[in-house]
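Here is how the chains run, residue by residue.
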Amino acid sequence: MTSLLAFGSYIYQSASAIILIFAVSHILSPAQYTSFSLALATSQLACVFVFEWLQLAGVRFLAAASGAEAARLRFSLFAAGGLSALVLLLVGSVAGLLSTLETGVVALALALAVLQGGTDLYFMIVRVSDRLATASALLILRASVLLAGAVAAAHLHGTAAATLCGIAAGYGAVLLVSLVVHRISLQRPSRHAMLADWGNFCRYGIMAAAASVIHLSVPVTLRLIVIATLGRASTGAAGFSMAIDLLQRPFSVLVAAIHTVCYPNVVVQFERSIDGEARRTTARMLDFILCATIVMLGGLIGLLPDAAHLFVPADLLVDFLGAAPVAAIFYFLHTHLQATLAIVPHLTKSATRLVVVAACQLVLVSAAASIGALLHISVAGQIASAALATALVILFASGPLIRFRAAPRALLIVEATVAAAAVAMLATAPSDSLLWLAGKIAVAGLAVVLVTWRGDLLASARS
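Residues numbered from 1 in each chain as written. Predicted model: local features only at pLDDT ≥ 70, side-chain atom pairs only at ≥ 80, totals over all residues. Heavy atoms only, no water.

**Comments concerning the state of the cysteines**
Throughout the structure, instances matching the rule amount to zero disulfides. For C165, which is in no disulfide, the shortest distance to another cysteine sulfur is to C47 and amounts to 18 Å. Overall, C165 belongs to the partly exposed group, its relative accessible area being 42%. (Disulfide = S-S within 2.5 Å. Buried < 20%, exposed > 50% of the residue type's maximum accessible area, 1.4 Å probe, protein only.)

**Some words on helix α15 (residues 410-424)**
Along its 15 residues, α15 runs 21 Å from first to last C-alpha, staying within 8% of the 21 Å computed at 1.5 Å per residue. Among all positions in α15, only L412, I413, A416, A419, A420, V423 and A424 are buried. Down the axis of α15, the buried side of the element spans an arc of 135°, and every buried residue falls inside it. In α15, the exposed residues that point more than 90 degrees away from the buried face are A410, L411 and V418. (Helix = DSSP H or I, 4+ residues; strand = E, 2+ residues; numbered from the N terminus. Expected span 1.5 Å × (residues − 1). Arc of directions from axis to C-beta.)

**Section: the nonpolar core**
Counting residues in each nonpolar core, the largest one holds 146 residues, and the members touching the most others are F36, M242, I258 and F320. Here this core takes 19 residues from helix α8 (residues 235-271), the largest share from any one element. Each of two domains, domain 1 (1-189) and domain 2 (211-462), supplies a minimum of three residues to this core. Contacts of M242, omitting those with residues within four sequence positions, involve I21, F22, S25, Y33, V312, P313, L316 and F320. Counting eight residues, the second-largest nonpolar core is a separate cluster that includes V50, F51, A85 and L110. (Core = buried A, V, L, I, M, F, W, Y, C linked by side-chain atoms within 4.5 Å. Domains from an automatic or database assignment. Contact = heavy atoms within 4.5 Å.)

**Re the environment of R188**
Within the element layout of this structure, R188 appears in the loop between α6 (160-181) and α7 (191-230). Separated by 109 residues in sequence, R188 and A79 place their C-alpha atoms 9.8 Å apart.

**What to know about the packing of aromatic side chains**
In total, this model carries four aromatic pairs according to the counting rule given. Measuring from ring centre to ring centre gives 6.0 Å for F251 and F332, while their planes differ by 70°; the resulting arrangement is edge-to-face. Pair noted here: F251 is in helix α8 and F332 is in helix α10 (residues 317-340), with a separation of 81 residues, a long-range link. Residue placement shows R279 over the ring face of F404; its charged tip is 5.6 Å from the ring centre. (Phe/Tyr/Trp six-rings, centres within 6.5 Å; stacked < 30°, edge-to-face > 60°. Lys NZ or Arg CZ within 6 Å of the ring centre and 35° of its normal.)

**Focus on the pattern of salt bridges**
Any two side chains of opposite charge can pair, given that their charged atoms come close. Evaluation of the coordinates by the stated rule reveals three salt bridges. Residue R142 pairs with D120 through a salt bridge whose shortest N-O separation is 2.7 Å. Separated by 22 residues along the polypeptide, R142 in helix α5 (residues 132-157) and D120 in helix α4 (residues 103-128) bring together distant segments of the chain. Where D287 meets R409, a salt bridge forms, and the shortest distance between an N and an O atom there is 2.8 Å. One end of the pair, D287, is in helix α9 (residues 275-311); the other, R409, is in the loop between α14 (399-404) and α15, and 122 residues separate them in sequence. (Salt bridge = Lys/Arg side-chain N within 4 Å of Asp/Glu carboxyl O.)

**Quick look at the domain arrangement of the protein chain**
Note: interface size is frequently given as the accessible area lost on complex formation between the parts. Assigned domains within the protein chain: domain 1 (1-189) and domain 2 (211-462). Centre-to-centre, using C-alpha coordinates, domain 1 lies 22 Å away from domain 2. The interface of domain 1 with domain 2 comprises 35 residues on the first partner and 39 residues on the second. Surface buried jointly by domain 1 and domain 2 totals about 3,500 Å² across both partners, of which 73% is contributed by carbon and sulfur atoms. When the buried area of domain 1 at its contact with domain 2 is split by residue, F7, Y10 and R60 rank highest and sum to 21% of it. Along the contact surface separating domain 1 from domain 2 lie zero salt bridges. Joining domain 1 to domain 2, the criterion identifies one residue pair in polar contact (both at pLDDT 80 or more). Among the elements that take part in the side of domain 1 that touches domain 2, helix α2 (residues 30-62) stands out by supplying 16 residues, more than any other. The class makeup of the residues in the side of domain 1 that touches domain 2 is 22 nonpolar, 10 polar and three charged. (Buried area = accessible area lost by both parts, 1.4 Å probe. Polar contact = N/O pair within 3.5 Å; in protein donor to acceptor, adjacent residues only side chain to side chain. Nonpolar A, V, L, I, M, F, W, Y, C, P; charged D, E, K, R; others polar.)

Structure (structure tokens):
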């Protein structure tokens, strides 16, 4: 039951983020929405750059720790997080002077990065402290408050800065509530012990986080290349930005939910040197990730036209629909390169390999999108070239997972692919009436139920 609550919290968080984007795009002008989108993407990149290494190190080292050791590690993580936030504010303030965005927008983007990083770090510590239900409830609370704050601020003032301010206020409020709702034990280590902890965090966490930063910069770079071609104030840029904003959320949130529930157990099995059990739990996790994301890809392609006609502003509809399907394919591949193929390197702490793979993706995607821009191909063509470049990197980065011999069930993957293809074909079916739309949603839901039942995927969350 707790695992289902965890998945529900991530689904709710994803749905709230999508609703937020739809709502804000209706309230803000295209130029203001583009500025909001760029600032939000930049803050997320800065958050990953500064805090991701602590997130990764925390999960990797805290999952198998207990008692006084866990309390010491938590203190070391918070101390390192405070220093990281200070560095971000200092460096970001200087970099903001060179930005084309307004000074207030830059300041709010920095505040968002710090507040998001702080809440994510706290939620991670709550989760690995065997408080999955509490962490899930806090995620639901945060998603609700962020949605309310962003929409209220955008409606009252109608600017990107006001919308960002509403999100920042939401992060701050949830962080305060989290500190009250769940208090964690800390043990101040000696200076030597804390430096030793930081050294361990750095050797693994910084390199692993560098890979995450590079991966996150891939869609940001793609966004900048396309917007530079279209012009920031154009409806084409706003429609493309909306597609990129919306479609990065479902895959990343779903995979993050599965990682949150399943990965700590994989780490424990691996640390106990139980090779057969580690392979089994990893294979079950891969089953869950691959089947869930494959069916989600089919659902997005099949139902996006209907959702777009209902929720996307009319002046952005054509550009959104042109970019959205291929953007879904790009994010499907991008998420698996960043998260799925990285499971084994994370277990073995082969962080350098993660950086090399991420750098290869950044170089190839940047080159492909830039060539597409120079040749004046369509926005969909530029995104498709980025997807092909990512698929090429996946092909050459699969070695560690293959050698680990934690293979997912091939027949189950084929069945999930067939189900996803059937759902994707719903895009060609009419949906002029609510009855047709309800039927399409029912078919998609049936596909999810069948794949879940055939693979007994919920058992992966309990194992």
